[in-house]
Amino acid sequence: MDAKQYKQLKKRGDVLDFATLNATRRILVQRDQAHLADHITRILSNDKIDKPSLHNAPQERFSDFYRVSLAAEDIAAIVSILFDFEAEQD
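K.L.:
So, the pattern of salt bridges: which residues are in play, and what are the values?
P.N.:
Within the structure shown, the criterion is met by 4 salt bridges. Of the charged contacts, one joins Asp-64 and Lys-48 as a salt bridge, the two residues approaching to 3.9 Å between their closest N and O atoms. Taken as a pair, Asp-64 in the loop between helix 3 (34-46) and strand 2 (65-67) and Lys-48 in the loop between helix 3 and strand 2 lie far apart in primary sequence, 16 residues in all. By relative accessible area, Lys-48 is classed as partly exposed at 41%.

Here's what the structure looks like:
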């Protein structure tokens, strides 16, 4: 994969970065949603997008991106939990 393809792939709606997924997993664990957190852990373990060979941080996990594939009901549940978490932060 070249740099142009990688940039296009990162913009897809089903792709998220490591920091977002890791923060989501942390919140799900705090909210006793282990089954949803396990889905995020699976994504982080199995669905990493390979970086192009000339990437400036090839070994840096915080620059990793992942394809997210979840059932619609899991996505809805996660979004609801994240909205509740955000509302409580104010």
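K.L.:
Give me the lowdown on the nonpolar core, citing residues and values where you can.
P.N.:
Ranked by size, the top nonpolar core spans 15 residues in total, and within it Leu-21, Leu-28, Ile-40 and Ile-43 carry the most contacts. For this core, the elements supplying multiple residues, two or more each, are helix 2 (18-30), helix 3 and helix 4 (72-89). In this view, Ile-43 contacts Leu-21, Lys-48, Tyr-66, Arg-67, Val-68, Ser-69 and Leu-70; residues no more than four positions away in its chain are not counted. Ranked by size, the runner-up nonpolar core spans 5 residues in total, among them Leu-9, Val-15, Ile-49 and Phe-65.

K.L.:
Go over the layout of surface pockets, please, and point to the residues and values.
P.N.:
Quantified by volume, the largest pocket comes out at close to 250 Å³. Put simply, the parts of the chain that give the lining of the largest pocket at least two residues each are helix 2 and helix 4. At 4 residues, the largest contribution of residues to the lining of the largest pocket is made by helix 4. Tallied by class, residues from the lining of the largest pocket come to 9 nonpolar, 3 polar and 1 charged.

What counts, and at which threshold
Residues numbered from 1 in each chain as written. Predicted model: local features only at pLDDT ≥ 70, side-chain atom pairs only at ≥ 80, totals over all residues. Heavy atoms only, no water. Salt bridge = Lys/Arg side-chain N within 4 Å of Asp/Glu carboxyl O. Helix = DSSP H or I, 4+ residues; strand = E, 2+ residues; numbered from the N terminus. Buried < 20%, exposed > 50% of the residue type's maximum accessible area, 1.4 Å probe, protein only. Core = buried A, V, L, I, M, F, W, Y, C linked by side-chain atoms within 4.5 Å. Contact = heavy atoms within 4.5 Å. 1 Å grid on protein atoms, 1.4 Å probe; cavity = no way out; pocket = protein on both sides within 12 Å on 5 of 7 lines; lining within 4 Å. Points joined across faces, edges and corners; volume = space filled by probe spheres on them. Nonpolar A, V, L, I, M, F, W, Y, C, P; charged D, E, K, R; others polar.

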